[in-house]
Amino acid sequence: MNAKDAGIAARKYFEETKSLIKFIFETVSVKKEGDNWIVICTVQDLFDEEAKRFRIIVSDEGEIMDVEKIDQSPG
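Computed from a prediction, not measured in an experiment: that's the story for all the values here.

Engineer: Quick question: what am I supposed to make of the nonpolar core here?
Structural biologist: The nonpolar side chains of a soluble globular protein tend to be buried, and buried together. Counting residues in hydrophobic clusters, the biggest one holds 14 residues, and the most contacted among them are F14, F25, V39, C41, V43 and I56. Residue assignment for this core shows that the elements contributing at least two residues are α1 (3–17), β1 (23–33), β2 (36–45) and β3 (52–59). A per-element tally of this core places α1 first, with 5 residues. Contacts of V39, omitting those with residues within four sequence positions, involve A6, G7, A10, T27, S29, V30, F54, R55, I56 and V58.

Given below as structure tokens:
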């Protein structure tokens, strides 16, 4: 698995598990941490004004290990 594969695995997670039919997915960063990949991404439903930011841990085998919404509130 490489950084591109990790980003694709993160996107597939939202396609397969969320009720979002049309959404914008943007990879902010991907980095290797031990045996896992850390993907920071934004997901925005086409009907929402703001995108939500997530931190997703993807194993080297492509399995989603953890998904965490990152608080973007100012301050």
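Engineer: Before we go on, may I ask you to explain the pattern of salt bridges in this structure?
Structural biologist: Think of it this way: side chains of opposite charge can pair up when their charged atoms draw near. Per the counting criterion, the structure on display carries 5 salt bridges. The salt bridge involving K31 is made with E33; its shortest N-O contact spans 3.9 Å. Exposure remark for K31: the relative accessible area of 47% places this residue in the partly exposed category. When the shortest N-O distance is used, the salt bridge between D48 and K52 registers 3.4 Å.

Conventions adopted
- Residues numbered from 1 in each chain as written.
- Predicted model: local features only at pLDDT ≥ 70, side-chain atom pairs only at ≥ 80, totals over all residues.
- Heavy atoms only, no water.
- Core = buried A, V, L, I, M, F, W, Y, C linked by side-chain atoms within 4.5 Å.
- Buried < 20%, exposed > 50% of the residue type's maximum accessible area, 1.4 Å probe, protein only.
- Helix = DSSP H or I, 4+ residues; strand = E, 2+ residues; numbered from the N terminus.
- Contact = heavy atoms within 4.5 Å.
- Salt bridge = Lys/Arg side-chain N within 4 Å of Asp/Glu carboxyl O.

The analysis is restricted to geometry; functional conclusions fall outside its scope.
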